[in-house]
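The chain contents come next:
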Amino acid sequence: VQVVESGGGLAQAGGSLRLPCTASGSVSRTNIMGWYRQAPGNQRDLVASVTNNGNPNYGDSAKGRFIISRDHGKNTVHLQMNSLKPEDTAVYLCNVVNRWRNGIQTVDWGQGTHVTVSS
């Protein structure tokens, strides 16, 4: 499985960025794709995730500011980040959680994309 992120970069506080992510290869039909973030010295935290049926879930940092969406029938998700704050500065990583018919669950990660928000 290959997970490819893009869209990171520099933004000003109050601005917006959009992060796309695509998973390709042997991706299970039942899966969850998500965005996590990790700042230096911090743990990796959930930003938002969405199931293959389009059901979203948000971490506390994202509620009310970020929106995750998924292209219908595809393994491509988009994280729309609005009202950015300097504390949103981190490496953002996309993953796909594959849930196979035999009950096995596998997780694949992308390399990450840097987001820097200036005040």
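Each chain carries its own residue numbering, running from 1 in the written order of its sequence. With the structure being a predicted model, the display of local features is reserved for residues of pLDDT at least 70 and the display and counting of side-chain atom pairs for 80 or more, all residues being used for whole-chain, interface and lining totals. As a rule here, side-chain values cover all heavy atoms of the structure and leave hydrogens and water aside.

(A) Spotlight on the nonpolar core. The biggest cluster of nonpolar side chains holds 26 residues, and the ones touching the most others in it are Trp35, Val47, Leu79, Met81 and Tyr92. Under the scheme used here, helices are H or I runs from DSSP no shorter than 4 residues and strands are E runs no shorter than 2 residues, and both carry numbers assigned from the N terminus. If you list the elements that add at least two residues to this core, you get strand E3 (17–24), strand E4 (31–38), strand E5 (45–51), strand E7 (66–70), strand E8 (76–81), strand E9 (90–99) and strand E11 (113–118). Working rule for contacts: check all heavy atoms of both residues, and any pair within 4.5 Å makes them a contact. Sequence-distant contacts of Tyr92, that is, excluding residues within four places in its chain, are made with Glu5, Leu19, Trp35, Tyr36, Arg37, Val47, Leu79, Met81, Gly112, Thr113 and Val115. Working definition of a nonpolar core: buried Ala, Val, Leu, Ile, Met, Phe, Trp, Tyr and Cys residues. They are joined through side-chain atoms within 4.5 Å. Remark: exposure states derive from per-residue accessible area (1.4 Å probe, protein chains only) relative to the maximum for the residue type, with buried under 20%, exposed over 50%, and partly exposed in between.

(B) Structural view of the sheet that holds E7. Strand order in the open sheet made by the four strands is E1-E3-E8-E7, with antiparallel pairing throughout. At either margin of the open sheet sits one strand with a lone partner, and together these are strand E1 (2–5) and E7. For this sheet, the mean inter-axis angle between neighbouring strands, taken without regard to orientation, is 15 degrees. Strand pairing is defined by DSSP finding a minimum of two bridges between the two strands. The pairing of E3 with E8 spans six bridges and is antiparallel. Within E8, the position partnered with Cys21 by the bridge is Val77. Axis lines are fitted through C-alpha atoms, for helices just across the contact stretch, and the angle between N-to-C directions can take any value from 0 to 180 degrees.

(C) Quick peek at the state of the cysteines. Count a disulfide wherever a pair of cysteine sulfur atoms falls within 2.5 Å. This model, assessed by the stated rule, comprises one disulfide. Across a sulfur-sulfur distance of 2.0 Å, Cys21 and Cys94 are joined as a disulfide pair. Measuring handedness by torsion sign, the sulfur bridge of Cys21 and Cys94 sits at about -90 degrees and is left-handed. Taken as a pair, Cys21 in strand E3 and Cys94 in strand E9 lie far apart in primary sequence, 73 residues in all. Neither residue differs from the other here; Cys21 and Cys94 are each classed as buried.

(D) Structural view of the environment of Gln2. Examined against the element boundaries, Gln2 turns out to sit in strand E1. Distance from Gln2 to Gln38, taken between C-alpha atoms, is 20 Å for residues 36 residues apart in sequence. If near-sequence neighbours (up to four positions away) are discounted, Gln2 is found in contact with Thr22, Ala23 and Ser24.

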